[in-house]
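Breakdown of the fold
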Amino acid sequence: MAQNGSEGSLVGGVSGRYASALFDLARDERQIDATAEGLERFDALLEESADLRRLVRSPVFSGEEQAVAIGAILEKAGITGLAANFIRLSAANRRLFALPGMIAAFRSLVRESKGIVRAEVRVAERPSDAVLEEIKASLRDVAKSEVDLDLHVDPSLIGGLIVKMGSRMVDASLRTKLNGIRLAMREAR
């Protein structure tokens, strides 16, 4: 079953069930990578377009309006196969609101099936490609497997980085170090 952060919520349950069913079908059809690629392309469209996000999230649009709009978007984006059918099914079942969660849950199932570990890295500013490769190599050594890096830029860290990988977290941010010094100075008074 899909493991995602909101298992207890209705959306998490719906997302997990849909993603798991899609993953099983894609595995049986030997189309996991093609399906993942189609879903990633649609997810990128969601990131880029506020109008598409509104269409997906808003209950104001009828199921028919959503289905027609989604069909046109899929055709224009060249998204076909299981990914397109899955997105259309989500629209037909009035589950477009849960689609981002379904895509995330499917992504997790793909990583798990390939033995890829997800790591979230927060940095104060975008690192160079060389530094990013060093971070990935270090995380691969620790995880003893391939790592899918999710990079977030958070200027409030001031410097350093925070890494979350599985249940482990390392906070080597300058903000945390400064807060520790500040706390130590207060206690020393």
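Just so you know, these numbers come straight off a predicted model, no measurement behind them.

So, the overall build of the protein chain
Across its full length, the protein chain holds 8 helices and 4 strands. When the helices and strands of the protein chain are read in sequence order from the N terminus, they spell out α-α-α-α-α-α-β-α-β-β-β-α. Taking the principal axes of the C-alpha coordinates as reference, the protein chain spans close to 65 × 40 × 35 Å. In the protein chain, which comprises 189 residues, the share counted as buried stands at 35%. Of the contacts made within the protein chain by residues no fewer than 6 positions apart, 63% connect residues no fewer than 24 positions apart. Approximately 11400 Å² of the protein chain is accessible, and the part contributed by carbon and sulfur atoms is 53%. Looking at the protein chain, you have 27 positive and 27 negative side-chain charges, and the mean spots of the two groups are 5 Å apart.

So, the nonpolar core
Ranked by internal contacts, the top residues of the largest apolar core, which has 32 residues, are Leu39, Phe42, Ile70, Leu99 and Phe106. Of all the secondary-structure elements, those providing two or more residues to this core are helix H1 (10–28), helix H2 (32–48), helix H3 (50–57), helix H4 (63–77), helix H5 (81–92) and helix H6 (99–114). Looking at this core element by element, the count peaks at 7 residues for H6. If near-sequence neighbours (up to four positions away) are discounted, isoleucine 70 is found in contact with Phe42, Leu52, Leu55, Ile87, Ala91 and Leu96.

A short note on H5
The end-to-end C-alpha separation of H5 is 16 Å, in line with the 16 Å expected for 12 residues at 1.5 Å each. Within H5, burial applies to Leu82, Ala83, Ala84, Phe86, Ile87, Ser90 and Ala91. Positive phi shows up at arginine 94, right after H5, with a value of about 60°.

Topic: a nonpolar patch on the surface
On the surface, a cluster of nonpolar side chains totalling about 470 Å² of accessible area is made up of Ile158, Leu174, Leu178, Ile181 and Met185. Mapping isoleucine 158 onto the fold places it in the loop between strand S2 (147–153) and strand S3 (160–165).

Some details on unusual backbone geometry
Glycine aside, residues mostly have negative phi, and peptide bonds are mostly found in the trans state. The backbone phi angle of arginine 30 is positive, close to 55°, even though this residue is not glycine. One can find arginine 30 in the loop between H1 and H2. With a phi angle near 70°, isoleucine 158 is a residue other than glycine that sits in the positive phi range.

Cut-offs and rules
- Residues numbered from 1 in each chain as written.
- Predicted model: local features only at pLDDT ≥ 70, side-chain atom pairs only at ≥ 80, totals over all residues.
- Heavy atoms only, no water.
- Helix = DSSP H or I, 4+ residues; strand = E, 2+ residues; numbered from the N terminus.
- Buried < 20%, exposed > 50% of the residue type's maximum accessible area, 1.4 Å probe, protein only.
- Contact = heavy atoms within 4.5 Å.
- Areas by Shrake-Rupley, 256 points an atom, 1.4 Å probe, with all protein chains shown as cover.
- Lys, Arg positive; Asp, Glu negative; His and termini not counted.
- Charge placed at Lys NZ, Arg CZ, Asp CG, Glu CD.
- Core = buried A, V, L, I, M, F, W, Y, C linked by side-chain atoms within 4.5 Å.
- Expected span 1.5 Å × (residues − 1).
- Patch = residues over 30% accessible without salt bridge, like charges linked within 9 Å, V, L, I, M, F, W, Y side chains within 5 Å.
- Salt bridge = Lys/Arg side-chain N within 4 Å of Asp/Glu carboxyl O.

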